[in-house]
Amino acid sequence: MRVMALALALTGPALAQDGRVVFENHCASCHAVERGAEAGPGPNLAGVVGRRIGGDRAFGYSPALEQAGRNWDRALLLRFLADPEEVFPGTWMGANNLPEAADRAAVADFLQSVR
Ligand code: HEC
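Just so you know, these numbers come straight off a predicted model, no measurement behind them.

So, how was this worked out
Residues numbered from 1 in each chain as written. Predicted model: local features only at pLDDT ≥ 70, side-chain atom pairs only at ≥ 80, totals over all residues. Heavy atoms only, no water. Helix = DSSP H or I, 4+ residues; strand = E, 2+ residues; numbered from the N terminus. Buried < 20%, exposed > 50% of the residue type's maximum accessible area, 1.4 Å probe, protein only. Contact = heavy atoms within 4.5 Å. Areas by Shrake-Rupley, 256 points an atom, 1.4 Å probe, with all protein chains shown as cover. Donors = N, O, S within 2.8 Å, 3.2 Å for Na, K, Ca; no water. Tetrahedral: all angles 85-135°; square planar, octahedral: opposite > 155°, others 65-115°. Near = heavy atom within 4 Å. Polar contact = N/O pair within 3.5 Å; in protein donor to acceptor, adjacent residues only side chain to side chain. Nonpolar A, V, L, I, M, F, W, Y, C, P; charged D, E, K, R; others polar. Arc of directions from axis to C-beta. Phe/Tyr/Trp six-rings, centres within 6.5 Å; stacked < 30°, edge-to-face > 60°.

Student: Could you clarify how one ought to interpret the overall build of the protein chain in this entry?
Tutor: Summing up its helical and strand segments, the protein chain has six helices and zero strands in all. Ordered by position from the N terminus, the helices and strands of the protein chain form the series α-α-α-α-α-α. Counting only residues that meet the buried cut, the protein chain has 37% of its 115 residues in that class. Sequence-distant contacts, at least 24 apart, represent 39% of the contacts inside the protein chain between residues at least 6 apart. For the protein chain, the computed accessible surface area is about 7000 Å², with 57% contributed by carbon and sulfur atoms.

Student: Could you clarify how one ought to interpret the coordination of the iron atom of the ligand in this entry?
Tutor: For a metal with four tetrahedral donors the ideal donor-metal-donor angle is 109.5 degrees, whereas six octahedral donors ideally subtend 90 or 180 degrees. The coordination sphere of the iron atom of the ligand, as far as protein atoms go, consists of His31 (NE2) and Met93 (SD), spread over 1.9 to 2.1 Å. Note that the iron atom of the ligand binds six donor atoms; their angles at the metal cover 81 to 178 degrees, and the shape is octahedral. Placement of His31 in the loop between α2 (19-26) and α3 (63-66) and of Met93 in the loop between α5 (84-87) and α6 (101-113) is noted, with a sequence separation of 62 residues between them. Neither residue differs from the other here; His31 and Met93 are each classed as buried.

Student: Where do I start with the site of the ligand in this structure?
Tutor: As a matter of local geometry, the ligand sits amid 27 residues, with Cys27, Cys30, His31, Ser62 and Met93 nearest to it. Here Trp72 contributes a side-chain N or O atom positioned 2.7 Å from an oxygen atom of the ligand. With respect to the ligand, the side chain of Thr91 contributes an N or O atom lying 2.7 Å from an oxygen atom. The element that contributes the greatest number of residues to the shell around the ligand is helix α4 (residues 74-82), accounting for three residues. Grouping the constituent residues of the shell around the ligand by class yields 17 nonpolar, nine polar and one charged.

Student: Even after reading the chapter, I still don't get α4, so can you show me in this structure?
Tutor: Owing to its 3.6 residues per turn, the α-helix brings residues three or four apart onto one side. Among the residues making up α4, those that are buried are Leu76, Leu77, Phe80 and Leu81. Each buried residue of α4 lies within a common arc of 135 degrees when the element is viewed along its axis, so the set occupies one face.

Student: Sorry if this is basic, but what is going on with the packing of aromatic side chains here?
Tutor: Applying the stated criterion to the full structure yields five aromatic pairs. Connected via pairs of aromatic rings, a cluster forms that spans Trp72, Phe80 and Phe88.

Limitation: the analysis is restricted to geometry and does not speak to function.
Here's what the structure looks like:
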């Protein structure tokens, strides 16, 4: 029994924090991460951390992102994923946020890894 509980304790949080899994579940319906893949309902996110906000040339952004005039960094991305509308009022990301801080951190790690 003790071994079972330990196994559950280890795999539970590990799974929840696997950024790729979180991305597949919450983001992939709108966003591609393979470089060169066509934009879907949302822009391609390959290399997004460090990239200009609104920087996928194949995607038509809202004025909110189009006119942001700066680059994504990890801190801004974490805030955006918590509440897109608060960071960029009028964004078309809408309510597609991640309420759990651990999920946001995991997805940020994942997005930093896709170049
Ligand atoms: C229902 C579709 C949808 C889902 C689900 C969604 N997004 Fe988005 N996302 C968008 C749209 C549309 C935009 C463009 C927003 C704009 O132009 O204001 C966007 C923009 C972004 C941007 C800015 C990209 C850039 O080039 O500046 C990031 C980063 C982002 N989304 C991350 C995510 C992550 C991470 C998730 C999963 C937690 C997610 N999105 C879920 C539709 C979605």
